[in-house]
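Okay, here's what each chain looks like letter by letter:
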Amino acid sequence: VQLQASGGGLVQAGGSLRLSCAASGFTFSNYAMGWFRQAPGKEREFVAAISWNGGSTYYTDSVKGRFTISRDNAKYTVYLQMNSLKPEDTAVYYCATDAAFMSAQRMGTSPWRDMDYWGKGTQVTVSS
């Protein structure tokens, strides 16, 4: 399993970024996918998840209404559209998956350490 996140960068508060996570080495359409983030000095935390077919999504409260997770199973890619960015969104963003999680909500309510597969993160920095 390989996951490669990209699309991070430096943006001003109120701006937007779109992260992508390219997957390979497994049957992508069978897995729920998630985005997590880790700010300096803080615990890694869940951001958003999407079910195997894109039929359901789940978000942490702090990003609801601002972030949108989506996926393209034909392209083996999951996306995170981030709008109205805030300085507190600054973090390294990771995509992750695990065969045990089929639903977005279950992925979002389970400890992040339960995810078996992680990509290298992409840095998002939001300036005030």
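Residues numbered from 1 in each chain as written. Predicted model: local features only at pLDDT ≥ 70, side-chain atom pairs only at ≥ 80, totals over all residues. Heavy atoms only, no water.

A. Inspection of the pattern of salt bridges at higher detail. Enumeration over the complete set of coordinates arrives at 5 salt bridges. For Arg37, the salt bridge identified is with Glu45, shortest N-O distance 2.7 Å. According to the relative accessible area criterion, Glu45 is partly exposed, its value standing at 35%. Residue Lys64 is joined to Asp61 by a salt bridge in which the shortest nitrogen-to-oxygen separation is 2.9 Å. (Salt bridge = Lys/Arg side-chain N within 4 Å of Asp/Glu carboxyl O. Buried < 20%, exposed > 50% of the residue type's maximum accessible area, 1.4 Å probe, protein only.)

B. Representation of the state of the cysteines. Summed over all chains, the structure comprises 1 disulfide. Residue Cys21 pairs covalently with Cys95 via a disulfide, S to S 2.0 Å. Because the sign of the S-S torsion sets the handedness, a value of about 60 degrees for the bond joining Cys21 and Cys95 places this disulfide among the right-handed ones. Taken together, the residues span a long stretch of sequence, with Cys21 in strand 3 (residues 17-24) and Cys95 in strand 9 (residues 91-97) at a distance of 74 residues. Note on Cys95: relative accessible area 0%, which makes it buried. (Disulfide = S-S within 2.5 Å. Helix = DSSP H or I, 4+ residues; strand = E, 2+ residues; numbered from the N terminus.)

C. Structural detail: the packing of aromatic side chains. Counted by the stated rule, this structure contains 8 aromatic pairs. Site record: aromatic cluster; members linked through ring pairs are Phe36, Phe46, Tyr58, Tyr94, Trp112 and Trp118. Stacked on the ring of Trp118, the Lys or Arg Arg44 has its end atom at 4.7 Å from the ring centre. Above the ring of Phe28, the side-chain terminus of Arg71 is found at 4.3 Å from the ring centroid. (Phe/Tyr/Trp six-rings, centres within 6.5 Å; stacked < 30°, edge-to-face > 60°. Lys NZ or Arg CZ within 6 Å of the ring centre and 35° of its normal.)

D. Expanded view of unusual backbone geometry. Unusually for a residue other than glycine, Tyr76 sits at a positive phi of about 55 degrees. By secondary structure assignment, the location of Tyr76 is in the loop between strand 7 (67-72) and strand 8 (77-82). Not every positive phi belongs to a glycine, and Ser84 is a case in point at roughly 50 degrees. Along the polypeptide, Ser84 turns up in the loop between strand 8 and strand 9. Ser84 sits in the partly exposed class, given a relative accessible area of 41%.

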